[in-house]
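Analysis of the macromolecular model
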Amino acid sequence: MPPSPRALSVALALFVILAAVSSACTPGPPSPEPVARQYAAAWEKRDYQTMWSLVSDDAKAQVTAAGFVDRLPRIADEMTLRSLEAKAGTATHPSLASGSPDPRKATVPLSVTFRTERVGDFRRETPLPMVLVGEADKAVWRIAWTPEAILPHLSAGRLVRMTRVDTSRGRILARDGTELATFVEAGVVGVVTGQIRSEAGLLASLSSALGMKPEDIKAKYTQSWVQPDLFVPIKVVPAAQLDTLRAKLSVIEGVQVQATRVRSYPTGLASQTLGYLSQADDDEAKAKTARGVEAGDLIGKKDTGLEATLDDELGGSYGFRLGIVEADERPVETLAETAPVPGRDVVLSLDPKLQRTAENTLGDKKGAIVAEDPWSGEILAIASRPSFDLNAFVSGDAAAISRYSADPNRPFFNRATFGQYPTGSSFKPVTSAAALRNNVYKWGDRIDCPAVWTGYGAQWAQLNHETTALGPIDLRTALARSCNTFFYEIGKRLNDKDPNILPNEAKSFGLGKATDIDYVFEAEGLVPSPDWKKQHFANASDQVWNPGVEASSGRRAS
């Protein structure tokens with residue numbers, strides 16, 4: 001008997017219900033966003049292996065592990081990347097021919113903030129293309145990765161490049177505006193090692209053209225910082241000499257000539273005080289990395305003078321431009337940049353006329369002259385002789401530099417700031433102040449000024465610079481006549497009272513320490529004392545403070 005209509009409708013209802021329940025138990029395709037967020041989190045941690053594991057097999061075949069796991073760290077280094085923040089957005093699906101969303105393809109937008117050392121922070125929105133691989137419950141989303149997933153315009157063959165933007169060095173000026181250190185136009189002859197075809201041929205031709213030894217040329221382009229594509233300066237050539245050199249240099253493979261502005265010291269004054277520039281080595285460049293200095297850059301040569309001590313002020317800071325470029329370095333897009341900060345001019349208190357007079361007065365004799373404004377404390381002249389030509393270092397004149405280095409008169413030595421000499425009679429005011437303050441002499445008292453002083457016995461006799469005795473004289477006359485024997489006696493009286501009085505008085509006048517002239521390094525000098533002898537001598541006999549030292553110090557101290 002056929003089923004009743006009621007039974008048939010119940011059966012159909014049950015079928016619909018069972019079909020619905022069966023459909024509800026079948027899982028739908030996964031969402032692409034979790035995989036995109038996993039990729040973003042791994043990128044923030046620089047976990048490139050995890051990122052690589054999320055890339056589709058087809059993309060892996062196109063990119064290769066070297067193009068991904070090895071390239072991403074190189075890009076991070078090029079960017080000087082400190083950290084990044086990546087946030088995945090909401091996925092969108094392309095439309096099928098029918099107009100419905102494609103369930104197996106999606107794009108998740110990534111908002112990436114790059115935080116760099118050189119150019120600060122910048123943000124880019126980049127699409128993350130994704131594909132669903134596998135079927136049913138084994139289906140997973142993977143990233144159809146291309147370099148545009150790093151930066152939008154980083155297509156195949158393009159590079160991320162950090163370009164340094166040159167700065168300018170400040171001048172050193174005298175008080176009247178005279179340029180003591182400035183710049184002039186010139187050319188720099190250099191070598192790009194990656195372009196050398198015949199090293200022997202290059203060395204032979206270049207040494208002949210520049211008048212340099214082959215080994216000196218090779219030493220420059222074999223330094224640790226040199227890369228195959230870097231221009232390595234060999235010698236600076238004045239602009240007037242470039243025309244005659246270009247024809248010779250143009251046929252040497254690996255040699256280039258670049259126009260440049262070079263340091264010049266037009267007056268030739270105060271060479272030891274000014275100092276000079278030299279190429280930064282790896283350690284020196286690292287210490288100045290905040291300014292963008294790289295190995296091979298010219299910086300103030302350590303311990304040579306103001307070019308070194310004021311290097312940060314004079315040198316300024318390099319700028320940087322981060323961008324995407326074609327393989328031939330043509331720019332595609334600027335991602336971020338910081339402008340260079342030019343170096344500042346430095347104005348010294350030196351009076352160039354007085355400085356020249358001081359240097360000419362010394363001539364070639366070993367010595368120093370310092371002239372100070374007694375009211376302001378400004379240094380008007382600071383001369384040391386013999387001296388040297390700073391421009392020899394600019395041009396790389398190896399013969400002149402070698403001659404200076406071998407000179408027994410030490411022209412590089414700044415006698416005005418590092419020479420340590422007996423104070424002579426200029427110490428007598430110190431002795432006078434100590435005597436008055438400690439009541440070993442009362443104003444107006446007279447002390448004998450003999451030609452020979454024997455306060456410690458005839459065996460320790462000391463002579464006056466005048467051969468005849470002056471008799472009893474007061475302090476004013478003793479200072480005016482610079483009577484040595486008067487001050488030998490004062491020194492003895494101070495020592496008899498306390499051997500530390502005179503050394504301490506000398507220190508109160510600033511002796512035994514640097515004068516702290518701004519940015520000028522100095523030797524501190526020495527004021528001997530009983531404690532000093534105990535600290536610096538191991539033998540007990542050498543530690544004894546001989547009273548004769550104090551008496552002698554009444555006239556002079558070393």
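If you're wondering where the values come from, they're calculated on a predicted model, not measured in any experiment. (Residues numbered from 1 in each chain as written. Predicted model: local features only at pLDDT ≥ 70, side-chain atom pairs only at ≥ 80, totals over all residues. Heavy atoms only, no water.)

1. Description of the packing of helix α6 (residues 199-210) against helix α8 (residues 239-249)
In plain terms, the rule: Between N-to-C directions, angles cover 0 to 180 degrees, with each direction set by a line fitted to C-alpha atoms, over the stretch in contact for helices. Elements are defined by DSSP. Helices are runs of H or I of four residues or more, strands are runs of E of two residues or more, and each kind is numbered from the N terminus. These descriptions rest on fixed angle ranges, namely under 35 degrees for roughly parallel, over 145 for roughly antiparallel, 65 to 115 for roughly perpendicular, and the rest for oblique. Only heavy atoms enter the contact rule, under which two residues are in contact if any of them lie within 4.5 Å. Under this grouping Gly is polar, as are all residues other than the nonpolar Ala, Val, Leu, Ile, Met, Phe, Trp, Tyr, Cys and Pro and the charged Asp, Glu, Lys and Arg.
Relative orientation of the contacting elements α6 and α8 amounts to 170°, with a least axis distance of 10 Å. One finds that α6 runs roughly antiparallel with respect to α8. Residues Leu206, Ala209 and Leu210 of α6 form the contact with α8, whose own contacting residues are Leu245, Lys248 and Leu249. Here the residues of the contact of α6 with α8 are counted per class, giving 5 nonpolar, no polar and 1 charged.

2. Digging into the pattern of salt bridges
If the charged atoms of two oppositely charged side chains come close together, the side chains can form a pair. Heads up, the condition is: Between Lys or Arg on one side and Asp or Glu on the other, a salt bridge is scored when a side-chain nitrogen of the former is within 4 Å of a carboxyl oxygen of the latter. Buried means the residue's accessible area, taken with a 1.4 Å probe over protein chains only, is under 20% of the maximum for its type, while exposed means over 50%, and partly exposed covers the values in between.
Throughout the structure, instances matching the rule amount to 32 salt bridges. Ionic pairing is found between Arg493 and Glu489, a salt bridge with its closest N-O pair at 3.3 Å. Here Arg493 and its partner Glu489 are both found in helix α19 (residues 484-497), 4 residues apart, which amounts to about one turn of the helix. With relative accessibility at 32%, the residue Arg493 sits in the partly exposed group.

3. Re the layout of surface pockets
Our working definition: Put simply, the grid is 1 Å and covers the protein atoms alone, a cavity is a trapped set of points that fit a 1.4 Å probe, a pocket is an open set with protein on both sides within 12 Å along at least five of seven lines, and lining residues have an atom within 4 Å of a point. Grid points are joined across faces, edges and corners, and a volume is the space filled by probe spheres set on the points.
Estimated volume of the second largest pocket: approximately 1,000 Å³. What lines the second largest pocket is a set of 36 residues, among which Gly419, Thr423, Leu511, Lys513 and Thr515 lie closest to the centre. Mapped onto the lining of the second largest pocket, the elements with two or more residues apiece are β15 (367-372), β16 (379-385), α16 (415-418) and α17 (428-437).

4. Overview of the pairing of β15
Selection criterion: Two strands are said to pair when DSSP picks up at least two bridges between them.
Across 6 bridges, the pairing between β15 and β16 is antiparallel. Counted as the bridge partner of Val370 is Ile382 from β16.

5. Considering the sheet that holds strand β2 (residues 105-116)
Two orientations exist for strands paired in a sheet by backbone hydrogen bonds: parallel and antiparallel. Spatial strand order, β1-β2-β3-β4: 4 strands in an open sheet with antiparallel pairing. Every other strand in the sheet has two partners, leaving β1 (81-88) and β4 (140-143) as the edge strands with one partner each. The sheet shows a mean angle of 35° between the axes of neighbouring strands, direction not considered.

6. With respect to the sheet that holds strand β13 (residues 331-338)
The 3 strands are arranged β5-β12-β13 in an open sheet whose pairing can be described as antiparallel. Pairing within the sheet leaves two strands with one partner each, and these edge strands are β5 (159-165) and β13. Adjacent strand axes in the sheet meet at a mean angle of 25°, parallel and antiparallel pairs treated alike. Here strand β12 (residues 319-325) pairs with β13 via 6 bridges, running antiparallel. Within β13, the position partnered with Gly323 by the bridge is Thr334. Together, β5 and β12 form the strand contacts of helix α5 (residues 66-79), whose direction differs from that of β5 by roughly 20°.

7. Thoughts on the packing of aromatic side chains
In plain terms, the rule: Here is the rule: rings of Phe, Tyr and Trp (six-membered ring for Trp) pair when centre to centre is within 6.5 Å. Planes less than 30 degrees apart are stacked, more than 60 are edge-to-face, and the remainder are tilted. Ring-over charges, as used throughout, are those where CZ of Arg or NZ of Lys falls within 6 Å of the ring centre and within 35 degrees of the ring normal.
According to the stated counting rule, one finds 17 aromatic pairs in the structure shown. Residues Tyr276 and Phe388 carry aromatic rings whose centres are separated by 6.5 Å and whose planes lie at 85° to one another, so their mutual orientation is edge-to-face. With Tyr276 in the loop between α9 (271-274) and β10 (277-279) and Phe388 in the loop between β16 and α14 (391-395), the pair connects residues that are 112 residues apart, well separated along the chain. By the burial criterion, Tyr276 is buried, and Phe388 matches it. Through successive ring pairs, a cluster of aromatic residues spans Tyr276, Phe388, Phe393, Tyr404 and Phe412. Directly above the ring of Tyr318 sits Arg164, whose terminal nitrogen or CZ lies 3.9 Å from the centroid. When the ring centre of Tyr456 is taken as origin, the NZ or CZ atom of Lys492, which lies over that ring, is 5.5 Å away.

8. Remarks on the packing of α6 against helix α7 (residues 214-221)
How two helices pack is summed up by the angle between their axes together with the distance between the axes. So the rule is basically this: Crossing chirality is assigned from the near helix's rotation relative to the far helix, an anticlockwise turn below a right angle marking it left-handed and a clockwise turn marking it right-handed.
Packing of α6 against α7 leaves a shortest axis separation of 9 Å and a crossing angle of 120°. As judged from the angle between their axes, α6 and α7 are oblique. Relative to α7, the crossing made by α6 is right-handed. Here Glu199, Leu202, Leu203, Leu206 and Ser207 of α6 come into contact with α7, specifically with Pro214, Ile217, Lys218 and Tyr221. Of the residues belonging to the contact of α6 with α7, the class tally is 6 nonpolar, 1 polar and 2 charged.

9. Points about the state of the cysteines
To keep things clear, this is the line we draw: Count a disulfide wherever a pair of cysteine sulfur atoms falls within 2.5 Å.
Summed over the entire model, instances satisfying the criterion amount to 1 disulfide. A sulfur-sulfur separation of 2.0 Å characterises the disulfide bridge that pairs Cys449 with Cys483. What sets the handedness of the Cys449 and Cys483 disulfide is the S-S torsion sign, and at about 110° it is right-handed. Of this pair, Cys449 sits in strand β17 (residues 447-449) while Cys483 sits in the loop between α18 (475-481) and α19; the two residues are 34 residues apart in sequence, bridging distant segments of the chain. In this structure, Cys449 and Cys483 share a single accessibility class: buried.

10. Structural notes on the confidence of the model for the chain
Under the convention used in this document: Each residue gets a pLDDT score, which is the predictor's confidence in that residue and runs from 0 to 100.
Looking at the chain as a whole, the pLDDT averages 88, with 93% of positions reaching at least 70. Confidence, read as mean pLDDT per element, is least for helix α1 (residues 5-24) in the chain (44) and greatest for strand β6 (residues 172-173) (97). Between residues 7-24, whose pLDDT stays under 50, and residues either more than four places distant or in other chains, the model counts 0 contacts.

11. Looking at helix α2 (residues 33-44)
Note the cut-off: By definition here, a helix of n residues has an expected span of 1.5 Å times n minus one.
End to end, α2 covers 16 Å across 12 residues, agreeing with the expected 16 Å (1.5 Å per residue, within 8%). Within the sequence span of α2, burial applies to Glu33, Val35, Ala36, Tyr39, Ala40, Ala42 and Trp43. Where the residues of α2 are buried, they touch α3 (48-53), α5, β1, β2, β3 (121-133) and β4. Residue Arg46 follows α2 closely and has a positive phi angle near 60°.

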